[in-house]
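Residue-level structural notes
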Amino acid sequence: MTKKSVITEAQEIQLAIELVKLGARLQLLESETSLSRERLLKLYKELKGVSPPKGMLPFSTDWFITWQPNIHSSLFISIHRYLVEHAQVSGIEAIMKAYKLYLEQVEPARGEEPVLSLTRAWTLVRFFDSKMLKTTACNECGGQFVVHRLDLHDHYTCGLCHMPSRAGKTKRAREDAVTASIASRNLQAA
C-alpha cells in the first residue's frame, strides 16, 4: 500500500477547484487529477451548487472548423503554443493559463458563455497532440487558423477574411431585432 502525500492531495484539490471555477466538466477533472470520482462530485457540487452536467465530452474535430468556433479555437491555440514555447509551462497548467488569457481577450457579455469552453479548449489541445488538427496560414491575412490535418490547404482563406453570408445572424441579433420590433409597435400604439 502506497502512502498518499497530504501536500500532493492538497495540490490536486486546488487544481480541481481552479478547473471547476473555469468551467471544467467532470471527465476533464477525472483525467487531470487522481482524486476519486466521489470527491470530485462533492467538490463540484460544493463549488457550483448543482450536480455536474451529464453526457459525453465533445469528440469531433468538425466543431473547431466551423466559422465562429474556428476563430476562437485559433486564438486559443495560438496563446497555448506561445505559452508552451516561451513561458516554460505545459500540460493542464498551460491549458489553464492560455484559457484565462483567451477569456481576457474575448470578454463574453454578462450572463453569456464564451464560444470556447475550457473543456473544448482541453479537447482541442488533445486533438493537436494526436495530430488530428493543425494550424495553417491564411493567404489573405497570414494568421494561423485551425484546420483538419489531412485536408488540402494550398489556398486557405480564413473565416475573418471570407466571412460566411450568415455571419453575425446569431440568437442575440434575432433577440435584439424582436426587442426593437416590440419597442417600435409600442411607440406606434402610444
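Going by the structure above, here's the rest.
In this report, the structure presented in the accompanying data block is examined. For every chain, the first residue of the written sequence is number 1, and numbering continues from 1 along that sequence. Two thresholds apply to this predicted model, a pLDDT of at least 70 for residue-level local features and 80 or more for giving and counting side-chain atom pairs, whereas whole-chain, interface and lining totals are computed over all residues. Side-chain numbers come from the whole structure's heavy atoms, not from hydrogens or water.

Right, let's get into the pairing of strand β1 (residues 133-137). Looking along a regular strand, one sees side chains alternate from face to face of the sheet. Strand direction decides the pairing type here: β1 and strand β2 (residues 144-148), joined by five bridges, are antiparallel. By the bridge assignment for β2, A137 is matched with Q144. Two strands qualify as a pair provided that DSSP identifies no fewer than 2 bridges between them. Helical segments are the DSSP runs of H or I of at least four residues, strand segments are the runs of E of at least two, and each set is numbered from the N terminus. The turn joining β1 and β2, which pair antiparallel and follow one another in sequence, is formed by six residues; a positive phi near 85° is taken by G142.

The next point concerns unusual backbone geometry. If a residue is not glycine, its phi is most likely negative; likewise, a peptide bond is most likely trans. Despite not being glycine, Q88 has its phi angle at roughly 50°, a positive value. Topologically, Q88 is positioned in the loop between α4 (67-86) and α5 (91-106). Under the scheme applied here, a residue whose accessible area is under 20% of the maximum for its type counts as buried, over 50% as exposed, and between as partly exposed, the area being computed with a 1.4 Å probe on protein chains only. In this structure Q88 comes out as exposed when scored by relative accessible area, which is 69%. The backbone of K131 shows a phi angle near 60°, a positive value even though the residue is not glycine. In this structure K131 comes out as exposed when scored by relative accessible area, which is 53%.

So, on to the side chain of T123. Note on placement: T123 falls in helix α6 (residues 118-129). By relative accessible area, which is 7% here, T123 ends up buried. Between two residues, a contact is recorded if the distance between any of their heavy atoms is within 4.5 Å. Aside from chain neighbours lying at most four places away, what touches T123 is P58 and F64.

What follows concerns the nonpolar core. Judged by nonpolar contacts, the single largest core of 38 residues is most densely connected at L19, L29, F76, I92, L118 and L124. Where this core is concerned, the elements lending two or more residues are α1 (6-21), α2 (26-32), α3 (37-48), α4, α5 and α6. Each residue touching L29, except ones within four places of it in the same chain, is listed here: A16, L19, V20, A24, L40 and Y44. With five residues, the next largest nonpolar core counts C138, V147, Y156 and C158 among its residues. Take the buried Ala, Val, Leu, Ile, Met, Phe, Trp, Tyr and Cys residues and link them wherever side-chain atoms come within 4.5 Å; each set so joined is a nonpolar core.

By themselves, these figures tell us nothing about what the structure is for.
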